[in-house]
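Observations on the model geometry
Residue-level listing of the chains:
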Amino acid sequence: MGSEKVIEEKKQGQALLTNYINGNTKKLYIESYGCQMNLNDSEIVASILSEQGYNTTHLLEEADLVLVNTCSIREKAEQTVRKRLEKYNAVKKINPTMKVGVLGCMAERLKAKFLEEEKIVDLVVGPDAYRDLPNLLAEVNEGRDAVNVILSKEETYGDVSPVRLNSNGVSAFVSITRGCDNMCTFCVVPFTRGRERSRDPKSILEEIKQLDQKGYKEVTLLGQNVDSYLWYGGGLKKDFKNASEIAKATAVDFAQLLDLAATEFPKTRFRFSTSNPQDMSLDVIHTMAKHENICKYIHLPVQSGSTSVLERMNRQHTREEYMELIDNIRKILPECALSQDMITGFCGETEEEHQDTLSLMEYVKYDFGFMFAYSERPGTPAAKKMEDDVPNHVKKRRLNEIIQLQQKHGLYRMEQFVGKTVEVLIEGSSKKSDLHWKGRNSQNAVVVFPKGNEQVGDFVNVFVEDCTSATLIGKKI
Ligand code: SAH
Ligand code: F3S
């Protein structure tokens, strides 16, 4: 699979996560795969375990506890984790007291079966059970395997202050919702992350305040479906209709949360991910237009450009409704960048339906894209009721076609910045050259320019002189 997101997932998995808190003696090695939410969850886990005497280390060999935060979204993601377990097994031969735990979506999906399938695993913990880690570890240390995969209707870890792992000190993630109620037929997330629930805006704003005080300049608000955010005192979104009149009157939706955050922290740059076309309101788009410090970039997965495929996927909108949303975004936010997620070869996808995806891409000309061949996930509605009948070579061919088209559009979008000045938040040195800074503009395009006397975390204006399909190249003005 050639998508950027997969490469990104691998990089995240191999990232070195090191953090040191005084007085702690035990060593935790934690590795994360999959989405940004998983990275943020690992930070929550590191925080819970720092209270238990653990500092994180990037040296697997010296770890007392190894945790792998897993992803189930595609079969390949699960295979990657199985490979890592083989590696841990080899290390355990040298360091036999080392304990190994599996966290996240694969833990939730496979539950105690994991202990049978992978002998090396001592601990299986689902995404809503991290507060139970101290008890589970006590069991493990007494020689018993431990499992907690209970999903919650309330848990948001709102009061846990994440230990920022692998941080550049400039950008951080803040989770605002957990779980998902959408039940797209291909997707395993509703089963592994449970029901959708929102976090108290007070605790969200408090976390942003702490980040601001530590010098962070950019916050990405995270959720499986941020547009669905709704705080009315806690509990599931579906129960909102039974809430008290006071709770209803004082409820906070995503547009209001964005407005609150952007107003209270005018110097912080805000991003959010992921938006869902069926839940994104015009209010959100207007709030983005109102605040300079909300980045003009929307990741708006569509999965397919064909109404009939969207229907089989149980996405609650048609191709035309999606195009109308795009038109509204273009009208209200003319300079907004857009990106997609696409799945090729979903059950029953015909050549004509695939052509609809290509033509939708032509219509939008996305700035970025994350594209995948359909991977059937056990237990999902699609696996139960539909046939995974598009041959692999057809899925791959269609995937290549959309990747190529996306590259063309990405380059087109990047070229539009050449000759213009963009504001860049410096994140660190360019990977290719120590003499250059790397940062991103509001539209999430990577910008590289020669170093002067600026610092990481500075906002600078860069005149764009050239570009590739993935990077803008310029000089500070
Ligand atoms: N709302 C979520 C979506 C999570 S899944 C978010 O926060 O990003 C991320 C992407 O993985 C989806 O948009 C979809 O394009 C892809 N995906 C999900 N299930 C898949 C499957 N069974 N096969 C292939 N790709 C899948
Ligand atoms: Fe998955 Fe659809 Fe939710 S893609 S995460 S079920 S919005």
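So, a few notes on the structure that sits alongside this text.

Thresholds applied
- Residues numbered from 1 in each chain as written.
- Chains lettered and ligands numbered in written order.
- Predicted model: local features only at pLDDT ≥ 70, side-chain atom pairs only at ≥ 80, totals over all residues.
- Heavy atoms only, no water.
- Helix = DSSP H or I, 4+ residues; strand = E, 2+ residues; numbered from the N terminus.
- Rg over C-alpha atoms; globule rule 2.2 N^0.38 Å.
- Buried < 20%, exposed > 50% of the residue type's maximum accessible area, 1.4 Å probe, protein only.
- Contact = heavy atoms within 4.5 Å.
- Areas by Shrake-Rupley, 256 points an atom, 1.4 Å probe, with all protein chains shown as cover.
- Lys, Arg positive; Asp, Glu negative; His and termini not counted.
- Charge placed at Lys NZ, Arg CZ, Asp CG, Glu CD.
- Near = heavy atom within 4 Å.
- Polar contact = N/O pair within 3.5 Å; in protein donor to acceptor, adjacent residues only side chain to side chain.
- Expected span 1.5 Å × (residues − 1).
- Nonpolar A, V, L, I, M, F, W, Y, C, P; charged D, E, K, R; others polar.
- Patch = residues over 30% accessible without salt bridge, like charges linked within 9 Å, V, L, I, M, F, W, Y side chains within 5 Å.
- Salt bridge = Lys/Arg side-chain N within 4 Å of Asp/Glu carboxyl O.
- Pairing = 2+ DSSP bridges.

Thoughts on the overall build of the protein chain
Check the secondary structure of the protein chain and you find 16 helices and 21 strands. A compact globule built from 477 residues would reach a C-alpha radius of gyration of about 23 Å, and the protein chain, at 22 Å, matches this within 12%. When the backbone C-alpha atoms are referred to their principal axes, the protein chain occupies close to 60 × 60 × 55 Å. Of all 477 residues assigned to the protein chain, the portion counted as buried reaches 58%. The contacts in the protein chain between residues at least 6 apart in sequence include a share of 72% that link residues at least 24 apart. Surface exposure of the protein chain reaches about 20400 Å², of which carbon and sulfur atoms provide 51%. On the protein chain, the mean spot of the 63 positive side-chain charges and the mean spot of the 69 negative ones are 2 Å from each other.

Quick look at the site of ligand 1
Around ligand 1, the structure places 14 residues, and the nearest of them are Gln 224, Thr 274, Gln 303, Asp 341 and Ser 375. The contact in question runs from an oxygen atom of ligand 1 to an N or O atom on the side chain of Arg 74, over 3.2 Å. Between Gln 224 and ligand 1, the recorded distance is 2.5 Å, taken from a backbone N or O atom to a nitrogen atom. Notes on ligand 1: free accessible area 540 Å², of which the protein chains cover 89%. Secondary-structure elements contributing two or more residues to the shell around ligand 1 are strand S15 (337–344) and strand S16 (368–373).

Describing helix H3 (residues 75–94)
Given a rise of 1.5 Å per residue, 20 residues ought to cover 28 Å, and the 30 Å separating the end C-alpha atoms of H3 matches this to within 8%. Where H3 is buried, its residues touch strand S1 (26–32), strand S3 (65–70), strand S4 (99–103), helix H4 (104–110) and helix H5 (113–117).

With respect to helix H13 (residues 319–332)
Each turn of an α-helix holds 3.6 residues, which means side chains three or four residues apart point in the same direction. A rise of 1.5 Å per residue sets the reference length of H13, with its 14 residues, at 20 Å; its end C-alpha atoms lie 20 Å apart and thus fit the reference within 8%. Among all positions in H13, only Arg 319, Tyr 322, Met 323, Leu 325, Ile 326, Asn 328 and Ile 329 are buried.

Section: the site of ligand 2
Neighbouring ligand 2 are Cys 180, Asn 182, Met 183, Cys 184, Phe 186, Cys 187, Val 189, Pro 190, Gln 224, Asn 276 and Arg 315. For the shell around ligand 2, a count of residues per class yields 7 nonpolar, 3 polar and 1 charged.

Re a negative patch on the surface
Residues Glu 320, Glu 321, Glu 324 and Asp 327 make up a contiguous surface patch of negative charge. The partly exposed category is assigned to Asp 327, whose relative accessible area is 34%.

Structural notes on the pairing of strand S10 (residues 218–222)
Burial runs high along S10: 5 of the 5 residues are buried. Residues Glu 218, Thr 220 and Leu 222 point to one face of S10 and Val 219 and Leu 221 to the other, with burial holding for every one of them. Strand direction decides the pairing type here: strand S7 (residues 171–175) and S10, joined by 5 bridges, are parallel. When the sheet's bridge partners are listed, Phe 173 is paired in S10 with Thr 220. Two elements, S10 and strand S13 (residues 269–273), share 5 bridges in a ladder whose sense is parallel. When the bridges of S13 are listed, Thr 220 appears paired with Arg 271.

Focus on the side chain of Glu 155
Turning to its location among the elements, Glu 155 is positioned in the loop between strand S6 (146–148) and S7. There is a polar contact of 2.7 Å between the side chain of Glu 155 and the backbone nitrogen of Tyr 157. In this structure Glu 155 touches Asp 128, Arg 131, Arg 178 and Arg 197, once residues within four positions along its chain are discounted.

Some remarks on unusual backbone geometry
Residue Thr 274 is reached from Ser 273 by a cis peptide bond, and omega for that bond is 5°. Within the fold, Thr 274 resides in the loop between S13 and helix H11 (282–290). Despite not being glycine, Lys 111 has its phi angle at roughly 50°, a positive value. In this fold, Lys 111 is placed in the loop between H4 and H5. Despite not being glycine, Asn 444 shows a phi value in the positive range, around 75°. Here Asn 444 is to be found in the loop between strand S18 (436–440) and strand S19 (446–450).

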